[in-house]
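Next come the chains, spelled out residue by residue.
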Amino acid sequence: MEEILRLINPISLLNAKERTITEEFILVVYFILTLVIVYKTFVLSFDRISPPADNSVRYNRRRVTRILFVVVGAVSLLPVIFSGLSYLPTVMGLAGAGIVISLKDITLNYVGWLLIHGSNGFEVGDRIEIEGIKGDVVNIGINRFTLMELSPDPKSEQSTNRLVHLPNHTIILHKVYVVKEKMGFVWDEFRIKIPHSADWETAEKLLNGILKNGSIIDQHKIDYSVRELSKNYLVRLGTTTPIVYMTVEEGGVLFSLRYLTHIKEKRNQKARISREILKEFGDSGIQLL
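Residues numbered from 1 in each chain as written. Predicted model: local features only at pLDDT ≥ 70, side-chain atom pairs only at ≥ 80, totals over all residues. Heavy atoms only, no water.

A. Inspection of the packing of helix 8 (residues 200–211) against helix 10 (residues 266–284) at higher detail. Relative orientation of the contacting elements helix 8 and helix 10 amounts to 145 degrees, with a least axis distance of 10 Å. The handedness of the crossing between helix 8 and helix 10 comes out as right-handed. Across from Thr-202, Ala-203, Leu-206, Leu-207, Ile-210 and Leu-211 in helix 8, the residues of helix 10 making contact are Ile-273, Glu-276, Ile-277, Glu-280, Phe-281 and Ser-284. Residues belonging to the contact of helix 8 with helix 10 are distributed by class as follows: eight nonpolar, two polar and two charged. (Axes fitted to C-alpha atoms, helices over the stretch in contact; angles between N-to-C directions. Helix = DSSP H or I, 4+ residues; strand = E, 2+ residues; numbered from the N terminus. Left-handed = near helix turned anticlockwise from the far one by under 90°. Contact = heavy atoms within 4.5 Å. Nonpolar A, V, L, I, M, F, W, Y, C, P; charged D, E, K, R; others polar.)

B. Representation of the sheet that holds strand 2 (residues 133–140) within the structure. Spatially, five strands are ordered 4-3-2-1-5 in an open sheet, and the strand pairing comes out antiparallel. Whereas interior strands pair on both sides, the edge strands pair on one side only; in this sheet they are strand 4 (159–167) and strand 5 (176–179). For this sheet the average axis-to-axis angle between neighbouring strands, irrespective of direction, equals 35 degrees. The pairing of strand 2 with strand 3 (residues 144–150) spans five bridges and is classified as antiparallel. (Pairing = 2+ DSSP bridges.)

C. Broad picture of the sheet that holds strand 8 (residues 252–262). Spatial ordering of the open sheet is given by 6-8-7, a layout of three strands whose pairing is antiparallel. Two strands in the sheet have a free side with no partner beyond their single neighbour: strand 6 (185–194) and strand 7 (243–249). Here the average twist between neighbouring strands, direction ignored, is 20 degrees. Direction of pairing for strand 7 relative to strand 8: antiparallel, over a ladder of seven bridges. Looking at the pairing, Val-248 lines up with Val-253 of strand 8. Relative to the sheet, helix 8 contacts strand 6, strand 7 and strand 8, its axis offset from that of strand 8 by approximately 5 degrees. Lying over the sheet, helix 10 contacts strand 6 and strand 8, oriented at roughly 30 degrees with respect to strand 6.

D. Local environment of unusual backbone geometry. With a phi close to 55 degrees, Glu-131 is a non-glycine residue in the positive phi region. Note that Glu-131 resides in the loop between strand 1 (127–130) and strand 2. The residue Asn-161 is not glycine, and still its phi comes out positive at about 65 degrees. Within the element layout of this structure, Asn-161 appears in strand 4.

This is the structure we're talking about:
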C-alpha cells in the first residue's frame, strides 16, 4: 500500500534521486496531464479576456499557443526525465533538436526575411513571380509577404484584387522572378500584319515614327531609370531604343514592334500604340490583316 501511495504521489517521484521506468512513465503522465490542463485554462481565459474577431483568428491563435506549449513542455520535461548532471549534454542536444524541428518553418521564414531584405531580394512595389503566382509586393512581414495578384493572362496582367500571402521560406525553395520598381521596364512586342500589296515602306516609316513619339514612349525616362539601376546592379540592357522588325510571311508582311515599357503600363501602352497605328494607317490607306 505504501508503495502504491508513493507511485501516485508526484512530489515523492520528483524528489526521488533514482527512478524506475515505471516511475518515470507515471511522472511523464502527470506532467502531460498538468500541461493539458494549463493549456486549456490559458486558452479559455485568453479567449474571454480578448475575444477573437473570427474563427480564423481563433484557429491561428490556438495553433500558435499549442505549438508553444508543446515546445516549452518538451524542453521542461527532458530535465525531469534525465535529472542527472551526466545527462545534461544529452538533454541540451535533444532540447535543441526539438526546438529546431518544431519551429522549422518559422526559422526558415526568418532566414527568408533576411534574404528578401538582402541585395538580391525585393521590396514593396516590386513585381515578382514565384511558384506560378505573379503579383505586386504590397507587404513584407517577418513570417510572410503579401502579393496583389495579377491575372495569369499575359495579354492583360491586370490586378485580380486578391491578396496572396506566402511564407518567407518560399523564396528559398522556389525560383523568384523580380522586376524592380526602380527599373520597372520590360521588353514587350506588338505585332501587326499588312497585305503583300500594301505600301510596306510607308508602313515601316509610320511605325518607326510612332515608336519615336515621345508621348507614346518616353525614352528619356527609360534612359534615366537604366542609369539609376546601374548604380546598384551590373546591368547591360544594350540598346534601349525601340525597333521595328519586318518579316515576309505567307499571307502578308509581319511587323514586330519591340520596345521597353513599364511593367505596370503594358496594356495601356499597347492601347496607345494601337490607336496611333489605326489613325496613321487609316490616313495613309494601308490595310491591316
